[in-house]
Each structure stands twice: as structure tokens, then as C-alpha cells.
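A closer look at the structure
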Amino acid sequence: MQNSIKLGFAMLFGLGFGLLIERAQICFTSAFRDLWATGRAYMGKAIIYGMLISTICVFSYIQLGANPKIMWAGPNAVIGGLLFGFDIVVTGGCETGWMYRALEGQVHFMWVGIGNVAGSTLLAYWWDSLAPVLALDYEKINLLKSFGPISGLLLNYGLMIACLVFVVWWEKCFIRKAKARLAATQRDTTA
């Protein structure tokens, strides 16, 4: 009975998350792509706001006694990031993007989904033998233990707010440059 209740809640939240990403077209990849390609920072700011909210929620759970799950990061993060970045450029979709696009009727994104599931399955199968090779005994960093609960939380918030300030600054610079280019083009056409 407990397993079916958990499964039911998981399916309910999965359905809600699926509807949210499809209706809002939430895609982390497009958030970064749009920021650099078009200067549009709407989704980037939304992601940072979401992280700010989730951080305080996770912090409160940890303060109530839940054990934090701290993962190591090594060369695997750089290699994985490069492979993922190359893959999303070639295929035109990421984890969430291919799903909502395929369900909107863009059938060619189903191939992206098949490749995504196949790659994830292979990684899961070989992960236990790959992880010890990649870990290389890196030190795990826990800001809450290193700086104390409140200072660690404030440091985390400070870093995220710095990211938010950078995103807003970049958006304004991009728009200012685009307006200057447009004005120069209009002057050249009228002259």
C-alpha cells in the first residue's frame, strides 16, 4: 500500500511537472542559448528565482534534520558539460525540450528522445565502474559545514544574486548594442 501511494504521488507530481514544462516551455538550454544569442533573459531570470526559492526550502529541510546529499565534481563535470552542450546544439533539444516539442507534434524530436534514453541507459549501466575512476578522491564541499548554516546560506544566496545581476546586466548591454546597430542601419539607409 505504501509503495502504491508513493508511486501515485510521484505520478501526480510528474504529471504536474510535465504540464508545467510544456505550457511554459521551460528549457534550461534555451535559457542559456537565448541569453547569449538574442539577449533574452526571461527564462534565465526565472530559473535563478526558482533556485532562490528552492534553496530556502532545502535549507529548512536540512535544518530540520534531513541529511544533505553532496555529490563530488571532477573532470566528469567538464567532459559531461561539453558533450551535453555539443549534443544539444546538434540535436536542437535537451531533456525537457525534446519532450514538449515531440508532444507538440514535432515528430523529429522523438529521435532526440530515443538517443537521450539510450545514452542515459548506457550511462546508468556503466556508472558503477566509471565513477571510481573519475572521482579521483575529490573533497566534497558543504557550504553549511564550512561556513556555518547561516553564513553558508548567505554565501549561496550571494552567489546566485551575483548570477542574477550578471544576467540582468548582460540583457541590458545586449539590448543597448542591438538598438545602436539598428540606429546605425537606419542612418545608413536614409543617407
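Remember, predicted model here, so these are calculated numbers, not experimental data.

Conventions we followed
- Every chain begins its residue count from 1, and numbering advances along the sequence as written.
- pLDDT decides what is reported in this predicted model: residues at 70 or higher carry local features, side-chain atom pairs at 80 or more are listed and counted, and totals for whole chains, interfaces and linings draw on all residues regardless.
- Side-chain calculation: all heavy atoms of the structure are included, whereas hydrogens and water are not.
- For each structure, a 1 Å grid was placed over the protein atoms alone; sets of points admitting a 1.4 Å probe that cannot get out are labelled cavities, open sets with protein on both sides within 12 Å along at least five of seven lines are labelled pockets, and lining residues have an atom within 4 Å of a point.
- Grid points are joined across faces, edges and corners, and a volume is the space filled by probe spheres set on the points.
- Segments assigned H or I by DSSP are reported as helices when at least four residues long, segments assigned E as strands when at least two residues long, and all are numbered from the N terminus.
- Salt bridge criterion: a side-chain nitrogen from Lys or Arg within 4 Å of a carboxyl oxygen from Asp or Glu.
- Think of it in three bands: residues with accessible area under 20% of the maximum for their type are buried, residues over 50% are exposed, and the middle band is partly exposed, with areas taken using a 1.4 Å probe on protein chains only.
- Put simply, buried Ala, Val, Leu, Ile, Met, Phe, Trp, Tyr and Cys residues joined by side-chain atoms within 4.5 Å make one nonpolar core.
- Contacts are residue-level and defined by heavy atoms, with any inter-residue pair within 4.5 Å sufficient.
- UniProt positions are given in the numbering used here, feature names are shortened, and annotations may be inferred rather than shown by experiment.

Of the pockets and cavities examined, the second largest pocket occupies roughly 340 Å³. If you go around the second largest pocket, you meet 16 residues; those closest to its centre are Val58, Ile62, Asn142, Leu144 and Asn156. Contributing elements (two or more residues each) for the lining of the second largest pocket: helix H3 (42-63), helix H7 (143-147) and helix H8 (149-190). Looking at the lining of the second largest pocket element by element, the count peaks at five residues for H3.

Using the criterion set out here, one finds two salt bridges in the structure. For aspartate 34, the salt bridge goes to arginine 40, with nearest N and O atoms at 3.0 Å. On the basis of relative accessibility, which here comes to 45%, the residue arginine 40 falls in the partly exposed class. Of the charged contacts in the structure, one is a salt bridge between glutamate 171 and lysine 45, with a shortest N-O distance of 3.1 Å. A residue pair is termed long-range when its members are at least 10 positions apart, and glutamate 171 in helix H8 and lysine 45 in helix H3 qualify at 126 residues. Note on glutamate 171: relative accessible area 16%, which makes it buried.

Let's shift gears to the nonpolar core. Residues Leu35, Ile48, Leu52 and Val167 are the most contacted members of the largest nonpolar core, which totals 13 residues. Listed by contribution, the elements that provide at least two residues to this core are H3 and H8. Among the elements that take part in this core, H8 stands out by supplying seven residues, more than any other. In this structure, valine 167 is in contact with Leu35, Ala41, Lys45 and Ile48, ignoring residues within four places of it in sequence. Ile21, Ile26, Ala31 and Ile47 belong to the second-largest nonpolar core, a separate cluster that totals five residues.

UniProt tags residues 47-64, 109-127 and 147-170 as "transmembrane region" (unreviewed entry). The span residues 47-64 is 94% helical and 0% strand by assignment, and the distance between its end C-alpha atoms comes to 26 Å. As annotated, residues 109-127 comprises 100% helix and 0% strand, and the C-alpha atoms at either end are separated by 26 Å.

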